[in-house]
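# A closer look at the structure
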Amino acid sequence: TGNPSYIEKNYADNFSGGSSWGNWETKQSILADMKDPKNNKTNSEVISDLNVRIYGDTAIATYKSTYDSLYHGDHRARTILSTDTFVRQSGSWKQVASHSSELAK
């Protein structure tokens, strides 16, 4: 929706993520992209096969995502497998890392 509040609240300041397109992203780069909704937007996304495992103050989420989006003005649509890592910090869960790969065809 272009609303940065979820990212600001739930991503660690030192978040890093590897996209299925071969890019490294940071919390700051994601927030900067959100300021340009004409060239960066999600048209649709469906998440399935979600599995969350908790190990003390660390949680790992794995899932499949099918999306259609615009990224830096380029149309992108595919299905990916993702792994997100969360750490409990001061009583709140913060996403600290993410990695996605294109689903094998």
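Overview of the structure.

Definitions and cut-offs
Residues numbered from 1 in each chain as written. Predicted model: local features only at pLDDT ≥ 70, side-chain atom pairs only at ≥ 80, totals over all residues. Heavy atoms only, no water. Pairing = 2+ DSSP bridges. Helix = DSSP H or I, 4+ residues; strand = E, 2+ residues; numbered from the N terminus. Buried < 20%, exposed > 50% of the residue type's maximum accessible area, 1.4 Å probe, protein only.

### Here's the deal with the pairing of strand β6 (residues 92–102)
Pairing analysis gives four bridges linking strand β1 (residues 11–18) to β6, with the strands arranged parallel. In the strand pairing of β6, G17 is matched with S98. Bridging between strand β5 (residues 74–89) and β6 involves 10 bridges; their strand directions are antiparallel. Bridge assignment links I80 to a residue of β6, and that residue is E102.

### Description of the environment of T26
As for its position among the elements, T26 is in strand β2 (residues 24–26). Judged by its relative accessible area of 32%, T26 falls in the partly exposed class. For the pair T26 and D13, spaced 13 residues apart in the sequence, the C-alpha separation amounts to 8.3 Å.

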